[in-house]
Structure formats: structure tokens, C-alpha cells
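# Summary of structural features
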Amino acid sequence: MAVARNEFLEYILDLMEPFGEISSCRMFGGYAIRKSGLPIALIFKDEIYFKVDDSNRADFEALDSAPFTYEKGGKTIVVSNWKLPAEILEDTDELLEWTEKSYQVALRARKK
């Protein structure tokens, strides 16, 4: 069975290639992006959401971003991944800085 190509996923992986050790896997109808095996972002419906905690949340808030949410059992579930502002994708250096911050969030989450 052929696997459907996701052009947005391929685009993101190409942009993140300089960061090294980036991989992806299917997850809940979207994709998880991993750095060295740690989840740092998710892609759902051609949008990318980076892992966020108190250390980088202000960056997302300053650009009017919002967390990823979904409905389950009549409740809204809020995930600790926030939509990456489009202007960040337009600047590779900035994208790699934001990627590094999300990787640091993943490292801290793993230690807990």
C-alpha cells in the first residue's frame, strides 16, 4: 500500500534539516516532528505547532499565536503545542532558533 505524500511535512523537514537528527512519524491524523527522538512539534492540517512551556510561551503570545486544541467527549483539550506564526517559517535562522527552544522544552519535559 502506498503512503500518501504530505508536501507540507516535506517542506518543514527540508527547512529543519540544518538542525540535524529531525524525523517524523504519523500521529492522530497528523505528524509528530522529533529531534533526537524527542517530540518538538506536530503537524495537523498543514499547520505546525511547536512544543511550548513557560520559557518560550511569550514568544508565541507576542505574535498572537494560540495553542493546539481539539474536542474529545464534549470537552476542549488544550495541548502544550502552539501554532508557529507564519512569519517564522519565512526566516530559516529564526525557525532554527524557535526549533531549538522547543527542543529545550522537550528535554525539560523528559526529565520530569
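In this text, all values refer to a predicted model and were calculated from it rather than measured experimentally. Counting restarts for each chain: residues are numbered from 1 in the order of the written sequence. Two thresholds apply to this predicted model, a pLDDT of at least 70 for residue-level local features and 80 or more for giving and counting side-chain atom pairs, whereas whole-chain, interface and lining totals are computed over all residues. Hydrogens are left out, water is left out, and the side-chain values use all remaining heavy atoms of the structure.

## Considerations on the sheet that holds strand S5 (residues 67–72)
Pairing between strands is defined by DSSP: at least two bridges between them are needed. Helix and strand definitions here come from DSSP, where helices need a minimum of 4 consecutive H or I residues and strands a minimum of 2 consecutive E residues; each element is numbered from the N-terminal end. Here we have six strands laid out as an open sheet, ordered S1-S2-S3-S4-S6-S5, and antiparallel in their pairing. Two strands bound the open sheet, and with one partner strand each, they are strand S1 (22–27) and S5. Geometrically, the sheet is characterised by an average inter-axis angle of 35° between neighbouring strands, direction not taken into account. Note: strand S2 (residues 30–35) against strand S3 (residues 38–44), five bridges, orientation antiparallel. Considered in S3, the bridge of Ile 33 is made with Ala 41. On the sheet, helix H4 (residues 92–111) packs against S2, S3 and strand S4 (47–51) and is oriented at approximately 120° with respect to S3. Angles here are taken between N-to-C directions and fall from 0 to 180 degrees, while the axes themselves are lines fitted to C-alpha atoms, restricted in helices to the stretch in contact. Only heavy atoms matter for contacts: two residues are in contact if any of them lie within 4.5 Å across the pair.

## Looking at the pattern of salt bridges
Within this document, salt bridges are pairs made up of a side-chain nitrogen of Lys or Arg and a carboxyl oxygen of Asp or Glu, the two lying within 4 Å of each other. One pass over the full model with this rule turns up four salt bridges. When the shortest N-O distance is used, the salt bridge between Arg 108 and Asp 53 registers 3.2 Å. Separated by 55 residues along the polypeptide, Arg 108 in helix H4 and Asp 53 in the loop between S4 and helix H2 (57–62) bring together distant segments of the chain. A salt bridge links Arg 57 to Asp 54; the nearest nitrogen and oxygen atoms lie 2.4 Å apart. Per-residue accessibility, obtained with a 1.4 Å probe over protein chains only, is compared with the maximum for each type, and a residue is labelled buried under 20%, exposed over 50%, and partly exposed between these values. Accessibility expressed as a relative area gives 25% for Arg 57, which makes it partly exposed. Judged by relative accessible area, which is 69%, Asp 54 ranks as exposed.

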